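# Residue-level structural notes
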Amino acid sequence: MANTTYTINHSKNRTFVQVPITGDPNAIDSAVAQLLQQEGYALTQYNETGLNETVWKKGTGMATAMKFIKLLYQPNMLVISGWTCAGVGSVTVNEMPLKGIVGAVPKKSCMNTIKMVAQVAQSVQ
């Protein structure tokens, strides 16, 4: 498998992971979608920011914070956004980046999934 190298940045609300890719984006997207489904994520529409974003979501907010992953393909780069939110069902409150102690368990879980996504994205040639 390829060496996984990526850059991680945190904004006020989200964590961004920039992953250099060399493979076909369609093949990468297919492999990543399969991984995310295996991890319990499902595609959904997310409107919290006022934008209509297609994101991967896991959880309902009942037992633990909802986890979100968004994929953005650019030339030779996959930008993965990750965040958690409190809330219930489709109602979300306060996007939180994947750092800090508040909600550490779901944040770590989401970050581990993002690392797996980066590894898969870089392994597809």
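Data block above holds the structure.
Residues numbered from 1 in each chain as written. Predicted model: local features only at pLDDT ≥ 70, side-chain atom pairs only at ≥ 80, totals over all residues. Heavy atoms only, no water.

### Examining the packing of aromatic side chains
Taken as a whole and judged by the stated rule, the model has three aromatic pairs. Centroid distance Tyr46 to Phe68: 4.8 Å. Interplanar angle 55°. Geometry classified as tilted. Within this pair, whereas Tyr46 is found in strand S3 (residues 42–46), its partner Phe68 is found in strand S5 (residues 66–74), the two being separated by 22 residues in sequence. In this pair, the class of Tyr46 matches that of Phe68, namely buried. When the ring centre of Trp83 is taken as reference, the NZ or CZ atom of Arg14 above it lies at 3.6 Å. (Phe/Tyr/Trp six-rings, centres within 6.5 Å; stacked < 30°, edge-to-face > 60°. Helix = DSSP H or I, 4+ residues; strand = E, 2+ residues; numbered from the N terminus. Buried < 20%, exposed > 50% of the residue type's maximum accessible area, 1.4 Å probe, protein only. Lys NZ or Arg CZ within 6 Å of the ring centre and 35° of its normal.)

### A closer look at helix H1 (residues 25–38)
Its 14 residues place the ends of H1 20 Å apart at the C-alpha level, agreeing with the 20 Å of an ideal helix rising 1.5 Å per residue. Along H1, the positions that sit buried rather than exposed are Ile28, Val32, Ala33, Leu35 and Leu36. Along the axis of H1, the buried positions cluster into a sector of 165°, meaning they face one direction only. Opposite the packed face of H1, turned more than 90 degrees from it, sit the exposed residues Asn26, Gln37 and Gln38. Two residues or fewer after H1 comes Gly40, characterised by a positive phi angle close to 95°. (Expected span 1.5 Å × (residues − 1). Arc of directions from axis to C-beta.)

### Focus on the nonpolar core
One finds Leu36, Ile69, Leu71, Leu78, Ile80, Ile114 and Val117 to be the most contacted residues of the largest nonpolar core, which totals 23 residues. Counting only elements with at least two residues in this core, the list comes to strand S2 (15–20), H1, S5, strand S6 (77–88) and helix H2 (104–123). Among the elements that line this core, the one with the most residues is H2, at seven residues. With six residues, the next largest nonpolar core counts Val55, Met66, Phe68 and Trp83 among its residues. (Core = buried A, V, L, I, M, F, W, Y, C linked by side-chain atoms within 4.5 Å.)

### Notes on the side chain of Thr15
On the secondary structure map, Thr15 appears in strand S2. A distance of 2.7 Å separates a polar atom in the side chain of Thr15 from the backbone nitrogen of Leu98. Those residues within four positions of Thr15 in sequence are excluded, and the remaining contacts are Ile8, Asn9, His10, Ile80, Ser81, Gly82, Pro97, Leu98 and Met111. (Polar contact = N/O pair within 3.5 Å; in protein donor to acceptor, adjacent residues only side chain to side chain. Contact = heavy atoms within 4.5 Å.)

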